[in-house]
Amino acid sequence: MEVDNSPQPTIKDSEAFAAKHMPDLGQEVEDFQVQTWRVQNWSASSKRMVGADFLCGGHKWRILIFPQGNANGQPNDMVSVYLDYSNPKAAAEGWHSCAQFALAISNPNDPSVFTVSHAHHRFVAEECDWGFTRFADLRKLQSVQEGQTRPTIEGDEVDVTAFVRVLKDPTGVLWHNFVNYDSKKFTGYVGLKNQGATCYMNSLLQSLYHTPYFRKAVYQIPTEEDTPSESVALALQRVFYNLQTSEQPVGTNELTKSFGWKSLDSFMQHDVQEFNRVLQDKLEEKMKGTKAEGAIQHLFMAKMKSYIKCVDVDYESARSENYYDVQLNVKGMKDLHDSFKDYITVETMDGENKYQAEGYGLQDARKGVIFESFPPVLHLQLKRFEYDMQRDTMVKINDRHEFPFQLDLGDYLDENAERDNNYVYKLHGVLVHAGDLHGGHYFALIKPEKDGKWFKYDDDRVTPVTDKEVLEDNYGGELPSPGGNQPRNNNSNATRPAKRFTNAYMLVYIRESAIDDVLKPFTEDDTPPHLRKRLEDERIQLDTKKREKEEQHLYLTAKIISDDTFRRHQGFDLASFDDKNVPVSELPIFRVLKNETYKTFKGRVAAHYNHPEANFRLWVLVNRQNKTVRPDIPIEDMDSAQTMEQVRNTMANRTAELRLYLDYEPKAEFLQTLHSNHTSHSMIFLKHFDVEGQTLLGSHKLYVLRNSKVGDLQGTINQMLGWAPTTPLKLYEEIKPGMIEVMKMKSTFAVSEIQDGDVICFQVDFGQDKEQEAAASSLIPNAPNFYDHLQNRILTAFKPKGEDADPKATFDVMLTRKMTYEQMAYKVSEALGGWDPLKLRFTSSAGNNNAPKGVIKRSLNQTVQEILHSTYQNPIAMLYYEKLEVSIIELETKKSLKVTWTGHLNKDEGQFPFLLPKTNTIDNLGENLAKLVTLSPTGTGKIRFFEISNLGRRKQHDFSGSEMIGNIQETIDLYAEEVPLEEVNMGEDDTLISVFHFSKEPSRYHGIPFRFVVSPGEKFSETKKRLQARTGASDKDFAKYRFALILQDTSGYKQPNYIEDEDEIHNHKFTNSHYLGIDHMDKTGKSNRGGLEKAIVIR
């Protein structure tokens, strides 16, 4: 709010007054109206007053005043004034109006005395009034203020004026708060979910998706037999299909998983150009041999020529190369045309820098690059991120740089280029970065259809945009002054213009003559039928699960134990429900409506088991106080009208799920007899412990008279199992885990406190001598000990150790906490098909993320409990294993090494593991390595070992050969190569230099450094041929390599000095701080990014 006492302009000069107090918001005005309301008898006014309606922009408005204020709990000394949308309920559904307004209270006799405030707002049904709760202090309005001659409220009267501009909203989303915004409904398109820092990827994916020719090519890759999380092509197809058909934003987790990325990769921003190239390289591989082969080259590839042309003689040296995008300078360039002119700028070679032309000697020449063709879809990478020599760091260039909707590139073509094509290009996409070097946000502006609208794709939200938002807002440079373009003065106190940190970094243009082909509307037939069916089936399943989840409150689940499941159960109780150490029993699960009657439910159970309803009854299992789960009481048929929720609540203590036992009897009359004489019988469950088989399984369910003796069971059991009547038995009551007690044969079941649902375990009584023999044979001789064994069970996952380990080689083994290390190793060896247990090495896992922790040393007395550090409540059951070639006993006296062999081509040709006596030397290691690798038949036959220190990958550090391998630190990465022939045959004038690989910046090094011989008088064009032979790079890859001389001092790397073909680098005075750098994309994913960024790798 501002108080203005200046004489001009006044309230009466409405146009001038609005121009002064309502800043230009950069939006087109649809209508401007002024409404003044004279309020009389102010002191007697009501708490809330509204003025007369007035029209502006086709909407009715009015002024709303609260003379004593409108803030809760606020003293009544502030006037509240609002602009109110009149009668919003009568407006059309979904109405909105974007209005800028100023509200003023002024003296009715002197319009120069006023108080004014301005604002702007999107008026909608939920927010139909907007203004100022604390507009002005009432006491100040009623008194003469400094610089005034009269009060604002005079004669108990005051004028309240509304100056209203209704602004045009061509996109429909101006000042939208996006609450409950539906992108699909509003634009026809959906966005992509951000996984953490994947906005850069989302912006590029939307651009590629909205290139229908590209999308169709991706769909043509055969993926019928692929798995989404393992196939980049299928995962990308699924993303594209979901973008076509989904009503909600689409996730990309499946896609990044197919890249081989871990969750951390989704929280790291990467270079979009690098990501685009790596993705397209991967897709090109997948397209080979399919209908889509060549599609990427057709869309994005063209040719440019590097040349040196003599001025005075007819001689030209030229080389053509393919390109998929063009990197253009932004700094110092006004617009795209300036950038293209800069790109093809001709350098003059004269004076001391004359060109050595073959057959003509030194000649004046012109050197440069020129475009031989442009592709149908042109990707322009604007170099917004550059190295600053003075700061010795990367910076973002936020300078203004203009680009047009239409671009004619004919002037940048070689004079001999084919001119059949029209080289006028139309802007199709703008990829934008908002922020600085160290962070920010990416989004895309795309025009999906040839004659359609522009949209902003900002992760999961898609909105329409204006032409200004596409061009002007993304040029960069300075923000416009708040009041429009006002002339600057030379006052040192003038406000410094603010920089725009939101600007374009990549542009997508489509050749006008190719637009109809590239943007050809997509049809249903363009989508592979297998993909459509697969995803539609998945969508139906998801909808079903979603519906089930939404309706879950209406249902409960019921698990049923039968005599068959009991006989298969080995463990406590009748089944395992929530024991953390063993798998849950597989039981039939019924999804039951809570209001379903027991009668209906019993009918469903009868149909499932094919039992007549009269032949079974269902018992409810309850959690007893001793932590067992046993049948407690049968559900009687007389209760058939009650609902299943009532059954659960009254009989099962409101447990989350209903657990039931199916009590089946072939003779229905027997059940009726039991029902009438229930107090005389108990339903018990018998388990058989088989000493020889080492099993404890359910045997029978039995009804016993409560007054009968426990010993009577012997005859019954022998008869049921067909054993001799005199077979002696031991009987135990399974009271609870840890409490298995011998039963007294002469006691009755009533005296023994046996009740419904109790479990009695029996075993053949072989006598003490036989039990001792069984124990000597490593058998558990009796039921109590076997119960103890079961109680100490722990299901342990064993996972192969190593980054390249096959995850499918993970398996589970049931161990017990009392097992020794040797017993555990034997169990694992069985699971691995008999692998020697002494050749297994185990590693513990960290509790927080299950990552490998420390190697577990073999100890005869160590138990699984100690190895896992587990408790009964919180077991940590994960170990890693390694299959060794030697025993762990032998391993203790030897050194385990892995050597990365780089051969004579400076390439990782594989790792070779060695286990050698610790007293062996590096020379001994070389003798062993020579037996495993293939040396060049025309090479030196000499092997050199070296390490690359953790301080950087700039240079090799050699081993002399006499070092003992036992002294080599575990953290060192050991490499070996064949010493090059040219190094052995170096001349006196030759120089041996250090070479390393990097990507864009020297600090982003990768690959394996090597040594290289440079000779006097050799042009770099010849040196490059030897470098290609030394590295074994293909012609396609080597054409993308750039070479630079790099200096490193205590502060780090200096700016690379890139080398031209005519340079002779031998003339450079090399020291230990000078390097030759090879600048190319890292395809290994192992580059150093200063800890901030990781190379992009798609597996």
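Our subject is the structure listed above.
Sequence order as written defines residue numbering, which begins from 1 separately in each chain. Owing to the predicted nature of the model, reporting of local features is limited to residues with pLDDT of at least 70; listing and counting of side-chain atom pairs is limited to 80 or more, with chain, interface and lining totals taken over all residues. Side-chain figures throughout are based on the complete set of non-hydrogen atoms in the structure, without hydrogens or water.

(A) The arrangement of the packing of aromatic side chains in detail. Only rings of Phe, Tyr and Trp enter the pairing, Trp through its six-membered ring, and a pair is recorded when the two centres are within 6.5 Å. The plane angle decides the type: under 30 degrees is stacked, over 60 is edge-to-face, the rest tilted. As enumerated under the stated definition, the model contains 50 aromatic pairs in all. When the centroid spacing of 6.2 Å and the interplanar angle of 55° are considered together, the rings of Phe101 and Phe123 count as tilted. Taken together, the residues Phe101 in strand S7 (residues 97-106) and Phe123 in strand S8 (residues 114-123) connect sequence positions 22 residues apart. Categorising residues by exposure relies on relative accessible area from a 1.4 Å probe, with only protein chains included: less than 20% of the type maximum marks a residue as buried, more than 50% marks it as exposed, and the intermediate range marks it as partly exposed. Judged by its relative accessible area of 0%, Phe101 falls in the buried class. Under the relative-accessibility criterion, Phe123 is labelled buried at 0%. Considering the side-chain rings of Phe670 and Tyr703, the 5.8 Å spacing of their centres and the 75° angle between planes classify their relative orientation as edge-to-face. Here Phe670 is found in helix H17 (residues 668-676), whereas its partner Tyr703 is found in strand S33 (residues 695-705), with 33 residues between them in sequence. Pairwise contacts between aromatic rings join Tyr323, Phe340, Tyr343, Phe371, Phe374, Tyr412, Tyr423 and Tyr425 into one cluster. Runs of H or I in DSSP of at least four residues are treated as helices and runs of E of at least two as strands, each being numbered from the N terminus.

(B) Fine view of helix H10 (residues 336-343). For H10, the set of buried residues is Leu336, Ser339 and Phe340. Seen end-on, H10 carries its buried residues on one side only, within an arc spanning 95°. Whether two residues are in contact is decided by their heavy atoms: any pair within 4.5 Å suffices. Residues of H10 that are buried sit in contact with strand S13 (326-329), strand S17 (365-371), strand S18 (377-383), strand S21 (406-408) and strand S26 (502-511). Here a polar contact is recorded for every N or O atom pair within 3.5 Å, except that within protein the pair must consist of a potential hydrogen donor and a potential acceptor, and residues adjacent in sequence are included only if both atoms are side-chain atoms. The N-terminus of H10 is capped by Asp335, whose side-chain oxygen sits 3.2 Å from the backbone nitrogen of His337. Our arc is simply the arc of the directions from the helix axis toward the C-beta atoms.

(C) Representation of the sheet that holds strand S42 (residues 894-901). In this description, strands pair whenever DSSP reports at least two bridges between them. Pairing within the open sheet is mixed, and its 5 strands lie in the order S43-S42-S46-S44-S45. Only two strands of the sheet have a single partner each, and these edge strands are strand S43 (911-917) and strand S45 (957-958). In the packing of helix H24 (residues 922-930) onto the sheet, the strands contacted are S42, S43, strand S44 (943-947) and strand S46 (974-978), and the crossing angle to S44 comes to about 120°. To define axes, lines are fitted to C-alpha atoms, for helices over the stretch in contact only, and angles between the resulting N-to-C directions are given on a 0 to 180 degree scale.

(D) Here's a closer look at the nonpolar core. Throughout, nonpolar core names a set of buried Ala, Val, Leu, Ile, Met, Phe, Trp, Tyr and Cys residues whose side chains join them through atoms within 4.5 Å. With 57 residues, the main nonpolar core has Phe214, Phe240, Leu283 and Met287 as its most contacted residues. In terms of residues, this core owes the most to one element, helix H6 (residues 232-245), which gives 9 residues. When sequence neighbours within four positions are dropped, the list of residues in contact with Met287 reads Ala217, Val218, Ile221, Ala292, Glu293, Ala295 and Ile296. Among the nonpolar cores identified, the runner-up in size contains 39 residues, and Ile344, Phe371, Ile397 and Phe443 belong to it.

(E) Unusual backbone geometry, seen in detail. With a phi angle near 60°, Asn610 is a residue other than glycine that sits in the positive phi range. The residue Asn610 is located in the loop between helix H15 (598-609) and strand S29 (616-623) in this model. You will see that Ser778, though not glycine, has its phi angle at about 65°, which is positive. In this structure, Ser778 sits in the loop between helix H19 (768-776) and helix H20 (783-791). Exposure remark for Ser778: the relative accessible area of 67% places this residue in the exposed category.

The analysis is restricted to geometry; functional conclusions fall outside its scope.
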